[in-house]
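One letter stands for each residue in the lines below.
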Amino acid sequence: MNYFYVIIFIYLSIIILFVLFHIGISIYGKISKFFSLKKKKKYKRLISNSLFDLKEVKYVSEEDINFLKKKLKRIHNLYIFEDVLSDFFSKNPTLVLEYCKNVSGVFHYLSGIYREKSSLQKAYFTHVLSLFPDIIQDDDNSIHYAMMHFVFDSSIHCRENAMLFFYHKGSYKQVVNSLKKINHRDLYYSPKLMSDDLLEFRGDKLKLTSLLLADYDDFSYPFQIAIINFIRLSDGDRRKEIFHKLLSHKYHKEVELAMIRYFATHYFVDIIELFLKILNDHDTYNFEYRLVTAFSLGNYDSPVVHQALIKCLTDENFYVRKNAAVSLSQMSLTNEEVKQIMGLKDSYAKEMFTYIWPSLEEESTGVKKKGVEVPC
Amino acid sequence: MLNQVFLVLSYIFLGCLIFSSFLFLIFTILGTVKLSKYEKKITFSNILKHEYYVPLSIIIAAHNDENSILTCIESLLSLNYKLFEIIVVDDGSNDETVSMILNSFEMKLVKRPIQKNIQTGSVKEIYETTVQNIKITLLLKNHGGYADAYNVGINASNYPYVAFIKANYLLLVDTLEHLVRPVLESDDVIICNGLSSCGMVMDDVYTFPEHNFSKALAFSYNQESILKGNYGDISSIPTLSLFRKDMVVSVLGFDKGSIGENFELERKIKSYCYLNAGNYIFQFVPDALCFINYSDRMISLFQDRQRIYRGLFRSKRKYKKVFLNPKSKLKSFFSRISFAFLDRFYPYIFCVGVIALIFSFVNHIISFLPFCIFLFTYILLQGVLSYGLFLSQLRLFHYHVTFPEYLKGIFGVFLQVTIYRFFDSCSKFLAFFGF
């Protein structure tokens, strides 16, 4: 029976410790909140005075800069600083940007400090820089060099935020070099994330496109896909270049598919012949090529394309038939072509076409131009 | 002789109680630490915040859900995440489920061909509409079970990721956004699991469900999601999970005759991954919260728990290799063994132990008073651990709880560690025989 009492005693101790722990956490939370609010007011006063100084005497006092250097080493202080600065930015962005340029020395100093900290803290530091890229001067090569360290961190969040800093800064050289080095070190960078992040580039996107395409073959295929998607989404006109790359047939299948998708939104008459070849040559090009090509042909309204797509309605692959039906529904078909489709012996073909174009069953002689968006 | 036997059985039962309590203590501490690390990650923007992530299909299997289906669809339409489609598969309802959906969303009958990647029962009719740029598809089929309904949904889906829910699930406005985020962190992410609970949140204030047993469920679901999710173990509760569609198609979706719960598909996929090598990541996302609401009828809750346990036993027997996967880390391996012991053997030890104890008391083999004190402190410990974990979860979401709700919570946790555990053990016990 003594064992019972020993267990009971241990249980009671654990219960008391747990209850005290949760009470402690709750009290700690409230105290933290109180002190955070107090600090927030202090930082608000500091930044407000600094902004006033900037307006009057065009510089931020040394005292304020030293204060920031000392305090912002701690991530909680950096968090409050970022919060307050964001509030001021929403009210007076121009003055805050000027302020950022004046405190760039602080962040230059902090980059060395945060470099030695945990990935979580590094990621947050780079996040703050990405929000206020003007904190770092354009000609400050040493800080750009320091930022490269963050680009290669093991944490994907740190890498992402560091890259966002370069995109928001509009630094061509740093963006291209960073991407090359990330690629070279085999660090993961989702193609979707990369193409969307490239769209956030605040410089001249056409110039960036040229730089990326100049070294295109140095990148691995996920990066090549992301670059093509970026060019497509940023309306970059590189039709001839991409066409020649597609003709070379030396790229990974997924890269070639991305190139084919590019031509869905960038009309290029010379590509039609290649597209028709892809649809007809089942030995060289598998179903994935056919389904993406069938989708991309939606903007190429011509009789020869109509016939190629009508033939695709009888393809053995369901998704090729679907995309062909979608593309045809966007075109101006003649009565004969409509009759040809409705006269197809293949019930799957007709089924797919009448699903995309439901009025066709009632209007078998009608000719309509209708756009329907269906993802590939 | 008989006295000796019952005494031994009683001590085995007490030993199991003590073992289980220390196990929960260890995993609760570790779970709380992991949650606080995750909270810190969110606070300091260690997330891939993005405008749009990847498109996904949400598949709802409905069967006689006229009371909840519209609320479910409307909650999906109010999500912040806009890159998804809704596929409702009606599994032969004979109430107003279908007519309510058709009338509320003005759906049109279409003759849509569907690629049958997975063999399923035939689809009778298909309706489509678009609401707020979100496509809603309704497929009608004969009654074949949730598993078959989900497989129909997989065939009809257009997007590379799928999530399976039922009509009594309610997602918060940012649930999908949180659930999808890990997909961008690695190409190897195949499954993302969220957190399940019961109740409601309005303006960051959490309220417990009205029904008492649902209050107990809130704690039970929360505990199981966090304790098992953090260590890659598969929980035995309904969860909101996101799957990569190509992997779901590779394993041919849900097994025919299975109960159609996410944990079955998860176990199937993990078994497939274990056999086929390669790198695969299964991610637990504590801030992807989903509320699951049950009817007030205890009998339907009891039947539902039995159904879930039958499914759990069936999938565990069929996909044994997941259990002893040498690739899993030491902590997940230990967690799996511990929870397997608790899931598999505890109900029987519990039932036999209670009988043995009663016999021991009656024959004055064990003293009543020390045992009662022990039982009281055991219940108190379990309650404190459960409530503490629940509070950690609320802290993660920065939700508040009013004082009356705190008191309701105390009542709920008391129900969870006493009556609900017994009720759940009986469900498991009966489910094993049914299985």
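Computed from a predicted structure; not experimentally measured.

Describe the domain arrangement of chain A, naming the residues involved and giving the relevant values.
Residues and elements named next belong to chain A. Domains assigned within chain A are domain 1 (28–169), domain 2 (190–266) and domain 3 (269–376). Taken together, the contact between domain 1 and domain 2 spans 6 residues of the former and 7 residues of the latter. Roughly 670 Å² is buried in total at the junction of domain 1 and domain 2, and carbon and sulfur atoms are behind 53% of that figure. Of all residues in domain 1, the largest losses of buried area upon contact with domain 2 belong to E160, Y167 and H168, amounting jointly to 79% of the total for that side. On inspection of domain 1 and its partner domain 2, the count reaches 0 salt bridges. Scanning the region where domain 1 abuts domain 2 turns up 2 residue pairs in polar contact (both at pLDDT 80 or more). The class makeup of the residues in the side of domain 1 that touches domain 2 is 4 nonpolar, 1 polar and 1 charged.

Account for the domain arrangement of chain B, with residues named and values stated.
Residue and element names in this part refer to chain B. By the assigned domains, chain B splits into domain 1 (1–46 + 187–238 + 246–435) and domain 2 (50–185). Between domain 1 and domain 2, the C-alpha centre-to-centre distance is 28 Å. Residue-level contacts link 32 residues of domain 1 with 22 residues of domain 2. Between domain 1 and domain 2 we count 1 salt bridge in total. Put simply, domain 1 and domain 2 have 8 residue pairs in polar contact (both at pLDDT 80 or more) between them. Those elements that provide at least two residues to the side of domain 1 that touches domain 2 are β8 (189–197), β9 (200–202), α7 (245–250), α8 (262–276) and β12 (281–292). Broken down by element, the residue count for the side of domain 1 that touches domain 2 peaks at 8 residues, all from β12.

Before we move on, could you go through helix α2 (residues 62–71) of chain A and cite the residues and values that matter?
Residue and element names in this part refer to chain A. Buried within α2 are the following residues: D64, I65 and L68. Projected onto a plane normal to the axis of α2, the buried residues spread over an arc of 100° and lie on a single side. α2 presents E62, E63 and K70 as exposed residues on the side facing more than 90 degrees away from its buried surface.

Account for the pattern of salt bridges, with residues named and values stated.
Counted by the stated rule, this structure contains 25 salt bridges over all chains. Residue A:D315 is joined to A:R290 by a salt bridge in which the shortest nitrogen-to-oxygen separation is 2.7 Å. Pair noted here: A:D315 is in the loop between α17 (303–312) and α18 (318–329) and A:R290 is in helix α16 (residues 287–296), with a separation of 25 residues, a long-range link. Each member of the pair, A:D315 as well as A:R290, carries the same accessibility label: buried. Three or more residues are tied together by salt bridges with common partners; here these are B:K166, B:E261, B:D304 and B:R307.

Quick rundown of the pairing of strand β5 (residues 134–141) of chain B? Include the residues and the values.
Residues and elements named next belong to chain B. Among the 8 residues that make up β5, 7 are buried, leaving the element largely enclosed by the rest of the structure. Direction of pairing for strand β2 (residues 84–91) relative to β5: parallel, over a ladder of 6 bridges. In the sheet register, V89 faces β5, and the bridge partner there is L139. Direction of pairing for strand β4 (residues 123–131) relative to β5: antiparallel, over a ladder of 8 bridges. For E125, the partnering residue across the bridge sits in β5 and is L140. Hairpin connection from β4 to β5: 2 residues lie between these consecutive antiparallel strands, with Q132 at a positive phi of about 50°.

Talk me through the sheet that holds strand β6 (residues 161–166) of chain B; I want residue IDs and the actual numbers.
Residues and elements named next belong to chain B. Taking strand neighbours across the sheet as the criterion, the 10 strands line up as β3-β4-β5-β2-β1-β6-β11-β8-β12-β7 in an open arrangement whose pairing is mixed. The outermost strands of the open sheet, each flanked by one partner alone, are β3 (108–110) and β7 (169–171). In this sheet, adjacent strand axes meet at a mean angle of 30° when their direction is disregarded.

Could you give me a rundown of unusual backbone geometry, with the residues and numbers involved?
Its identity is not glycine, yet A:D186 carries a phi of approximately 60°, on the positive side. When you line up the elements, A:D186 lands in the loop between α9 (172–184) and α10 (191–198). A positive phi is found at B:D203, a non-glycine position, where the angle reads about 50°. By secondary structure assignment, the location of B:D203 is in the loop between β9 and β10 (205–207). Relative accessible area serves as the criterion here: at 71%, B:D203 is assigned to the exposed category.

Reading guide: rules and limits
- Residues numbered from 1 in each chain as written.
- Chains lettered and ligands numbered in written order.
- Predicted model: local features only at pLDDT ≥ 70, side-chain atom pairs only at ≥ 80, totals over all residues.
- Heavy atoms only, no water.
- Domains from an automatic or database assignment.
- Contact = heavy atoms within 4.5 Å.
- Buried area = accessible area lost by both parts, 1.4 Å probe.
- Salt bridge = Lys/Arg side-chain N within 4 Å of Asp/Glu carboxyl O.
- Polar contact = N/O pair within 3.5 Å; in protein donor to acceptor, adjacent residues only side chain to side chain.
- Nonpolar A, V, L, I, M, F, W, Y, C, P; charged D, E, K, R; others polar.
- Helix = DSSP H or I, 4+ residues; strand = E, 2+ residues; numbered from the N terminus.
- Buried < 20%, exposed > 50% of the residue type's maximum accessible area, 1.4 Å probe, protein only.
- Arc of directions from axis to C-beta.
- Pairing = 2+ DSSP bridges.
- Axes fitted to C-alpha atoms, helices over the stretch in contact; angles between N-to-C directions.

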